[in-house]
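Fold and geometry: a report
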Amino acid sequence: TSYISVTGVQTCALPISDGVVAVGAIGNDDKGEDAGSAYVFDATTGSQRTKLLPDDGATDDRFGWSIATANGVVAVGVRHDGDNGFNSGSAYLFDVTTGQELFKLTAPDAAEFDFFGTSVGISGNIAIVGALFDDDAGNDSGSAYLFDVVTGRELAKLAASDAAPGLGFGSSVAISGNTALVGRIGAAYRQCRGRTRHTGRGPSPRSPLRGVRARPAPRGHRVRAPWSGAPGAVSPVAPSPAPKARS
């Protein structure tokens, strides 16, 4: 039996994939008080492989609030990042082997108190990030975003078919292949083959087969099914330059 111990910090999430365990430590002070960090451990031996720190970490960011790992990449949510307004949030992608920062992800329409990075997930070359208090459909209605792990580009923005103030869509996320699960306060939505099904407690959507509203990807960037042409698509986003890879 192997034991993993991180002393003196508050841990938040411990996903396991491909023989490694990723641990978020939101109370770490290396980059300032409660700036946060993350650790990668060998799931078999319990030995630490690397420590993850963002290049631009800052006091009270709470880097590591959410964390996911798959296919050699670690995604780390930083919902208190203030690059685009107080608590607008961000997420980072790292190489799980080297610990190198690959991309910093932010929402193109980010605003203060969106809490982008509350939840993160990875499957294949797609990362999903929840923005619990995005206000597109009213205060704290929430949303989730899909990103290309290879390029760092946004692919689509997801919102609940019954989006409303206080819904908290994006409080939790998960993704596997062509299926994404997005939680909101008291319920969840499953996006699969272009349809959305409502699960868990809470009122069901007005039309459970209408689907999560997926904002199409910028022109020239193909999105793999079912994200392309999903029911309820809203206006396209303007093309944005590719994020600069971290050296």
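Residues numbered from 1 in each chain as written. Predicted model: local features only at pLDDT ≥ 70, side-chain atom pairs only at ≥ 80, totals over all residues. Heavy atoms only, no water.

**Comments concerning the sheet that holds strand S5 (residues 66-70)**
Reading across from one edge, S5-S6-S7-S8 is the order of the 4 strands in this open sheet, with antiparallel pairing throughout. Lying at the two open borders of the sheet, with one neighbouring strand each, are S5 and strand S8 (101-105). Geometrically, the sheet is characterised by an average inter-axis angle of 15° between neighbouring strands, direction not taken into account. (Pairing = 2+ DSSP bridges. Helix = DSSP H or I, 4+ residues; strand = E, 2+ residues; numbered from the N terminus. Axes fitted to C-alpha atoms, helices over the stretch in contact; angles between N-to-C directions.)

**Considerations on the pattern of salt bridges**
Inspection of every chain in the model, using the stated rule, returns 9 salt bridges. Three or more residues joined by partner-sharing salt bridges are found here, namely Asp56, Asp81, Asp83 and Lys104. (Salt bridge = Lys/Arg side-chain N within 4 Å of Asp/Glu carboxyl O.)

**Thoughts on the nonpolar core**
Ranked by internal contacts, the top residues of the largest apolar core, which has 18 residues, are Leu93, Phe116 and Ile122. Looking at this core, the elements with two or more residues in it are S5, strand S6 (73-78), strand S7 (90-95), S8, strand S9 (116-123), strand S10 (126-131) and strand S11 (143-148). Every residue in contact with Ile122, bar those within four places of it in the chain, is listed here: Ala68, Ala70, Val73, Val74, Ala75, Ala127, Val149 and Ile175. Membership of the second largest hydrophobic core comes to 15 residues, among which are Ile128, Ala160, Val173 and Val182. (Core = buried A, V, L, I, M, F, W, Y, C linked by side-chain atoms within 4.5 Å. Buried < 20%, exposed > 50% of the residue type's maximum accessible area, 1.4 Å probe, protein only. Contact = heavy atoms within 4.5 Å.)

**Things to note about the sheet that holds strand S4 (residues 48-52)**
An order of S1-S2-S3-S4 is seen for the 4 strands of this open sheet, with the pairing classed as antiparallel. The strands lining the two open edges of the sheet, one partner per strand, are strand S1 (16-17) and S4. As paired elements, strand S3 (residues 37-42) and S4 share 4 bridges and run antiparallel to each other. Across the sheet, residue Phe41 finds its bridge partner in S4, namely Gln48.

**Some words on the side chain of Asp134**
By secondary structure assignment, the location of Asp134 is in the loop between S10 and S11. Assessed through its relative accessible area of 3%, Asp134 is described here as buried. Engagement of the side chain of Asp134 in a polar contact is seen with the side chain of Ser143, the distance being 2.7 Å. (Polar contact = N/O pair within 3.5 Å; in protein donor to acceptor, adjacent residues only side chain to side chain.)

**Some details on the confidence of the model for the protein chain**
Averaged over all residues, the pLDDT of the protein chain equals 78, while 71% of them reach at least 70. Contacts for the low-pLDDT stretch residues 1-11, under 50 throughout, to residues beyond four places or in other chains number 20 contacts. (pLDDT = per-residue confidence, 0-100.)

**Some details on the environment of Val173**
Within the secondary structure, Val173 is located in strand S13 (residues 172-176). Judged by its relative accessible area of 13%, Val173 is buried. Taking the C-alpha atoms as reference points, Val173 and Ala144, 29 residues apart in sequence, are found 8.1 Å from one another. Beyond its immediate chain neighbours, meaning those up to four positions away, Val173 contacts Ser119, Val120, Gly121, Ile128, Gly130, Ala144, Leu181 and Val182.

**Thoughts on unusual backbone geometry**
At Asn87, a residue that is not glycine, the phi angle is positive and equals roughly 60°. Take Asn87: it is sitting in the loop between S6 and S7. Even without being glycine, Phe115 reaches a positive phi, approximately 55°. As for its placement among the helices and strands, Phe115 is situated in the loop between S8 and S9. Classification of Phe115 by relative accessible area gives buried; the value is 9%.

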